[in-house]
Amino acid sequence: MDGQRSTLRRAIAALATGGLLLGGALAIGAPAAFATPSVTISSPENGQTVTNAVLTVEGTISGITGTASGTLALNGGTPAAVTISGSSFNASVDLAAGANSITVTITDNNQQTGSTSGTATVAVTLQTVPVVSVGTATVGGTTVSFAGTVSDTSITQATVIWDGSALKTIAVSGGAFSSFVAATDGTHTLAVSAANAAGSGTSASQSVTVGTASGTTSGSSGSSSSSSTSSSSSTSSSSSSTTSGATAASVGPAGGSLATADGTLTMTVPAGAIPAGATLTATTSATAPADAPALPGGAAAASPYVVLSGATPSQPLTATLKYDATALGGLPPQRLGVFADGAWHYLPTAVDAATGTVSADITAPGTIVVLANPAQLSDVPASYWAAASIATLLGAQVIAGYPDGTFQPDGNVTRAEFAKMLDLTLGVSTAASAAATATTAATAATATTAATATAATAATVTTPQTTFADVPATAWYAPYVTAAAGAGLMDGVSATAFAPDATMTREQVAVVLQRALKLSGGGALTFTDAASVDGWAQAGVAAAVAAGYMAGFPDGSFQPLAATTRSQAAQVLAAVIAHLAP
């Protein structure tokens, strides 16, 4: 018996020595703890956008103590096996269009200690060639309106294809777009294309008929006869006729409303504004005149081209035009301006965003169009104090940003630069040409009322000093300096010098405003530094301040000799435009 007890004691001791007894009890099947495998997906990267539907997924693993196995699940679907080689894995997957979620799971299979798994997930977007769809276009007069969608909602612009050629760029927002084309009579083809990194997609072409064949113009003999009767008199208040395949609207000496059939232009013509026996006719066109120069500074047409032909009115007429907001690309409507042909000179423009129209005064026949300046500026946020004024001058093509996408609003303006800004705002050089030829459409050179004189009145003020020793005839600013000096708006700093590279001071700006707008009044200056204002500038500063175009600083000073910044110049000239616009 004692021998058996001795043998049992030895067996228990052996078990304890082997680590199979814990707290006096046998430890049976308790696995040792070990780390979860670490999984890293190296390709594709999380958030990556790809253009190939078949994608290879690769990565690394660590912390494996046994045999590794793995699976890949796409968008929560059925897992598929991955190939593991050492500490690396890979698998191939067919992505769905749009957003995808890829999850890789690696399992460490250890026969002694059990198994555990680690996972990694990445999000990938498959960008496919956009699908563009356009609804059936509608025809109203000479305007073809259409709307459609783009499958890729990240796309922000599309191209209108008209009769097989790119016509214009339009904005896309949230995958949707709408626009119009001003067309001539006949049958045309319409399509829209859009592109992303995966390629370009184009909608199916559709045939569009404009004119009598489309039923949008009078087709019955009765209404045709009536139209013919009403248009037979040259003194009719207004009439509509078909000229050269396009619907034209006309007005005669009796005056009345002049409106194009597509609604682009509306104009009220007073009685007597058109000479006896003459008419003023308006038509619209999708394209600029063949002899017209290129549009300025990257501008985009935001309306059809309106062609005014016939008589020169005896007084300025206010033209109101509808604009296509998609040309703005989401930018404010102050970026719009009305321009007249020739050199596409700016006409001081009033913008009415509520009605989607702009207005400008015209004084002669010619072609006018609404242009948008879509330039992006990184340093002029919407909250900037002069943002609206800068937008107005950008719309007028008076100023521009720098190649790096900045505007540098705090940069100083030189006298040469201000001369150019003044010329482009007021049309000084255009007015001078008009005075010689009696043909112009620049309202900035026309007096608006008997009480309010504009740049045209200032343009009649002459000064003998139009050439300067420091303004070479070949300098970029020479024509602007000559125009400003010849119009009596800017003087030289001496009998022979203009100082084109000197900064434009605040008191100089005030004097220019007084001369250009024929400002008066204001009385004695009360600024703390009034004594610093040069004698020749006292009246100009007083008048500009009294009219609200300029103001002092919070400390009560005017700082007459301080340099004018780009943003300050924009604010002043935007106020001038508001004064001149109808």
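Whatever comes next refers back to the structure up there.
To start, this report covers the structure provided alongside it. (Residues numbered from 1 in each chain as written. Predicted model: local features only at pLDDT ≥ 70, side-chain atom pairs only at ≥ 80, totals over all residues. Heavy atoms only, no water.)

All right, on to the overall build of the protein then. Secondary structure summary: the protein contains ten helices and 33 strands in total. By residue count, 43% of the 582 residues in the protein fall in the buried class. Put simply, 67% of the contacts in the protein that link residues at least 6 apart link residues at least 24 apart. (Helix = DSSP H or I, 4+ residues; strand = E, 2+ residues; numbered from the N terminus. Buried < 20%, exposed > 50% of the residue type's maximum accessible area, 1.4 Å probe, protein only. Contact = heavy atoms within 4.5 Å.)

Each regular strand displays side chains that alternate between the two surfaces of the sheet. With three bridges connecting them, strand β24 (residues 265–269) and strand β28 (residues 317–322) associate as antiparallel partners. Looking across to β28, one finds that L265 is bridged to L321. (Pairing = 2+ DSSP bridges.)

Across the sheet, which stays open at both edges, the four strands sit in the order β3-β5-β9-β8 with antiparallel pairing between neighbours. The open sheet terminates on both sides in strands that have one partner only, identified here as β3 (38–43) and β8 (83–85). Averaged over all adjacent pairs, the angle separating strand axes in this sheet is 25°, with direction ignored. Taken together, the three bridges between β8 and strand β9 (residues 88–94) define a ladder with antiparallel strand orientation. By the bridge assignment, S85 is partnered in β9 with S88. (Axes fitted to C-alpha atoms, helices over the stretch in contact; angles between N-to-C directions.)

We now examine unusual backbone geometry. The omega torsion of the bond from S43 to P44 falls at 5°, within 30 degrees of zero and hence cis. Looking at the element boundaries, P44 is found in the loop between β3 and β4 (48–50). Within the chain, Q397 stands out as a residue other than glycine whose phi angle is a positive 60°. Within the secondary structure layout, Q397 lies in the loop between α3 (387–395) and α4 (415–426). For Q559, which is not glycine, the phi dihedral falls at a positive 55°.

One broad trend across soluble globular proteins is that nonpolar side chains are buried collectively. Formed by 70 residues in total, the largest nonpolar core has its most connected members in I390 and F418. Secondary structure elements with two or more residues in this core: β33 (366–372), α3, α4, α7 (478–486), α8 (506–517), α9 (538–546) and α10 (566–580). Take this core: its biggest share by element is eight residues, from α10. Counting 30 residues, the second largest nonpolar core, distinct from the first, contains L280, A302, Y323 and V358. (Core = buried A, V, L, I, M, F, W, Y, C linked by side-chain atoms within 4.5 Å.)

Running from amino to carboxyl end, α8 crosses α9 at an angle of 75°, the nearest separation of the two axes being 8 Å. The orientation of α8 relative to α9 falls into the category roughly perpendicular. The residues of α9 that touch α8, namely those facing E507, A510, V511, L513 and Q514, are A539, G540, V541, A543 and A544. The residue inventory of the contact of α8 with α9, partitioned by class, reads seven nonpolar, two polar and one charged. (Parallel < 35°, antiparallel > 145°, perpendicular 65-115°, else oblique. Nonpolar A, V, L, I, M, F, W, Y, C, P; charged D, E, K, R; others polar.)

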